Every structure is written in structure tokens, then in C-alpha cells.
Amino acid sequence: MTNSSEDLRLWDAAADSYTTTVSGPADSFYRRIHEFLWSHLGPVADLDVLDLGCGHGWLAEQIRRAGARVTGIDGSQALLTTARSHYPEIDFHQHDLTLGLPDPARRYDRIVAHMVLMDVPALDRLLTDVAAALRDAGVFVFSILHPAFFSRDIVDEGPGGERYRKVTGYLEHETRWIESFGGHRHYHRPLSWYAEQLTAHGLVITGIHEPPSLPHNDIPATEWTEYQKWFSTIPTMLAMSCSPSDRTTKLQRG
């Protein structure tokens, strides 16, 4: 059973904290995937782009500034209130993502979901609509918290200060409580589940990226502490790019 209305209530309550904490391009999660994201999006000028789970709209604005026609969709009315006030040139819509897309007939050249899917309790309808909404040459790029390593305890052992993340379980689907931004639910699913679901919904994975974990502040690697150097060696986020499967078939035949 899922309770998306309660999830959305929690995100409305967390909106101010989230908006202040995740401040845009300087955010460490965005810095980790910036190169991967834009290399798979490619030039977006004059393209139709959907920012799925757009939050307070900062990424949608980055894409708009690159020349795209951008639509933003999010379930949190509070986050969208901020988005609309800051970025009035973008078309924002409030919609529960567990119900799929609000207009499944609309088509896009690119769909982006940055740090969204792991917080949506049910993805079947959404992935069905995403696959259908992509044009033949379309690209779907998303990032999530890393299923294996995020939210795993960091353990220091021994006089030498050996460090590792303690993975006590992985394959079982779990609902976890995350304290960030005042508290919200996170839906853990293993990586293989995401791969199987994407394939089942007519999408082909064209890229996967496990970036180093970065310090919260953007500082040169030469200035990292020993802890920050170790922290970077275990990824806590994951990004994928996908294309419609019929596009891959056409390329292979060509």
C-alpha cells in the first residue's frame, strides 16, 4: 500500500527547508552529475523538455536558459509556489506522480528527473507515461540516491581509522524514514529492479554513472581532508540515461 497524499503533505511541510538547503547549481548532488546530465541531454535549444519532480524549479530554469521550452511537474504545491514566483516563464503543474503524467498525450524531446524517483512510492504508471511521452529521438535522464550505499552507517574501526559503509541488507524493498528537510519517506529498491522496470516499460539504458561523493561545499580536491577523500570513494547517488527501445532497434537496423 502507498500513501502518496501523506508523502506530499510531508514535502509541503519541508518546502522551506528544502528550498534553502538545495539551493541550485551549487548543490553537491547536482555537481556530481552535471557533466553526465548535460552530455546525455545534449543541446536542448528549441526542444520540449519536461522536468519531472521539479521542486522549486531551479533545474528547470537552467534548462530554460539553455534554450529549451520547459514544463515542470511536481506533487508539492508549496514547492511550486516558490517555483512560479521565481521562474514565471516556465509552465509549472501540480500533479501526484504516482498517477503518471497529467497529460499522457503530450510529447517531449527530453525528460529529466533529478533526485525524484526514490521518493515516489509507486512508479509503474509514471514509467509507462514517460516511455510513451518521449519522441523517437527522446532521452530520459534521472538520478536517484544510490540503492546500495546511501543511508548506510559509516563505521570507523581500529587504531588506523579504517572506514567503511555498513551494508546490512539490499535486495528487499523498504520504506525508510529520512530526517533531511524535516523528514520524508524514501522508497528503497535495488538497482536491478530499476533496470528491469525500465526495460519492461519500453526503455533502453544508454548510460549509467556512479559519481564520487562530494563535500557539501564546492572546494578543490587538493584541499579535501582525509575523511573527504575517503568519502568520495563510495557513491551515494546514481544516474542513468535511457532512450525508447524502438529507437535502438531502428539504429541497429540502420
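Residues numbered from 1 in each chain as written. Predicted model: local features only at pLDDT ≥ 70, side-chain atom pairs only at ≥ 80, totals over all residues. Heavy atoms only, no water.

## Some details on the overall build of the protein chain
We apply this condition: Strands are runs of DSSP state E lasting at least two residues, helices are runs of H or I lasting at least four, and both sets are numbered from the N terminus onward. What the globule rule says is 2.2 Å times the number of residues to the power 0.38, and the radius of gyration is computed from C-alpha atoms. The buried label applies to any residue whose accessible area, calculated with a 1.4 Å probe on protein chains only, is under 20% of its type's maximum; exposed applies above 50%, and partly exposed to all values in between. By definition, residues are in contact when any of their heavy atoms lie within 4.5 Å. Only the protein chains shown count as cover for residues, and all accessible areas are computed by the Shrake-Rupley method using a 1.4 Å probe. Charge assignment: positive for Lys and Arg, negative for Asp and Glu; neither His nor the chain ends contribute. Charged side chains are reduced to one point each, which is NZ for Lys, CZ for Arg, CG for Asp and CD for Glu.
Scanning the protein chain from terminus to terminus reveals eight helices and eleven strands. The C-alpha atoms of the protein chain give a radius of gyration of 18 Å, which matches the 18 Å a tight globule of 254 residues would have. The principal-axis extent of the C-alpha atoms belonging to the protein chain is close to 60 × 45 × 40 Å. The 254 residues of the protein chain split such that 51% are buried. For the protein chain, contacts bridging at least 24 residues in sequence account for 68% of all contacts bridging at least 6. When the accessible surface of the protein chain is summed, it comes to about 12200 Å², and 51% of that surface belongs to carbon and sulfur atoms. With 23 positive and 33 negative side-chain charges, the protein chain shows a spacing of 4 Å between the two charge centroids.

## What to know about the nonpolar core
Going by this rule: Residues belong to one nonpolar core when they are buried, are Ala, Val, Leu, Ile, Met, Phe, Trp, Tyr or Cys, and are joined through side-chain atoms within 4.5 Å.
Residues Leu37, Leu52, Ile63, Ile111, Leu117, Phe140 and Phe142 are the most contacted members of the largest nonpolar core, which totals 65 residues. When residues in this core are grouped by element, the largest group, seven residues, is from strand E5 (residues 134–145). Non-local contacts of Phe142, meaning those with residues more than four positions away in its chain, are made with Ala113, Leu117, Leu198, Leu238, Ala239, Met240 and Cys242.

## Quick look at helix H5 (residues 124–133)
For H5, the complete set of buried residues consists of Leu126, Leu127, Asp129, Val130, Ala131 and Ala133. Considering only its buried residues, H5 is in contact with strand E1 (48–52), strand E4 (108–114), E5, helix H6 (191–200) and strand E10 (203–209).

## Some points on the environment of Ile33
Within the fold, Ile33 resides in helix H2 (residues 28–41). Placed 179 residues apart in sequence, Ile33 and Pro212 show a C-alpha to C-alpha distance of 9.5 Å. Residues in contact with Ile33, not counting those within four places in the same chain, are His114, Ser143, Pro211, Met237 and Ala239.

## Examining the pairing of E4
Under the convention used in this document: Following DSSP output, two strands are said to pair if at least two bridges run between them. When the strands point away from the viewer and the path from the first strand over the helix to the second turns clockwise, the crossover is right-handed.
With seven of its seven residues buried, E4 lies for the most part within the structure. As judged from the six bridges shared by E4 and E5, these two strands associate in the parallel manner. Considered in E5, the bridge of Ala113 is made with Phe142. On the question of chirality, the crossover connecting E4 to the parallel E5 by way of H5 is right-handed.

## Overview of empty space enclosed by the protein
Condition: Of the two site types, the cavity is a set of points on a 1 Å grid over the protein atoms alone where a 1.4 Å probe fits but cannot get out, and the pocket is an open set with protein on both sides within 12 Å along at least five of seven lines, each lined by residues with an atom within 4 Å of a point. Grid points are joined across faces, edges and corners, and a volume is the space filled by probe spheres set on the points. In the scheme used here, Gly and all other residues not listed as nonpolar or charged are polar, with Ala, Val, Leu, Ile, Met, Phe, Trp, Tyr, Cys and Pro taken as nonpolar and Asp, Glu, Lys and Arg as charged.
Counted by the stated rule, this structure contains two cavities of 30 Å³ or more. The set of elements that each furnish at least two residues to the lining of the largest cavity consists of E5 and strand E9 (184–188). Taken together, the residues of the lining of the largest cavity sort by class into seven nonpolar, three polar and two charged. Quantified by volume, the second largest cavity comes out at close to 30 Å³. Forming the walls of the second largest cavity are Leu117, Leu123, Leu127, Trp193, Tyr194, Gln197 and Leu198.

## A short note on the pattern of salt bridges
Heads up, the condition is: Each salt bridge in this description consists of a side-chain nitrogen of Lys or Arg and a carboxyl oxygen of Asp or Glu lying within 4 Å of one another.
All told, the structure shown has 14 salt bridges when counted by the stated rule. Residue Glu61 pairs with Arg64 through a salt bridge whose shortest N-O separation is 2.9 Å. One end of the pair, Glu61, and the other, Arg64, are both in helix H3 (residues 58–65), three residues apart, so they sit about a helical turn from each other. The class of Arg64 is partly exposed, set by a relative accessible area of 25%. Here Arg176 and Glu174 are joined by a salt bridge, their closest N and O atoms 2.9 Å apart. Under the relative-accessibility criterion, Arg176 is labelled buried at 12%. Since its relative accessible area comes to 34%, Glu174 is described here as partly exposed. When salt bridges with common partners are traced through the structure, they connect Asp48, Arg69, Asp109 and Arg135 into a single cluster.

## Regarding the layout of surface pockets
The space that makes up the largest pocket amounts to roughly 900 Å³. In this structure, the largest pocket is lined by 47 residues; those nearest its centre are Trp11, Tyr18, Met115, Asp119 and Phe181. Breaking the lining of the largest pocket down by element, the ones donating at least two residues are helix H1 (4–21), H2, H3 and strand E8 (174–178). With six residues, the top contributor of residues to the lining of the largest pocket is H1. A breakdown of the residues in the lining of the largest pocket according to their chemical character gives 23 nonpolar, 15 polar and nine charged.

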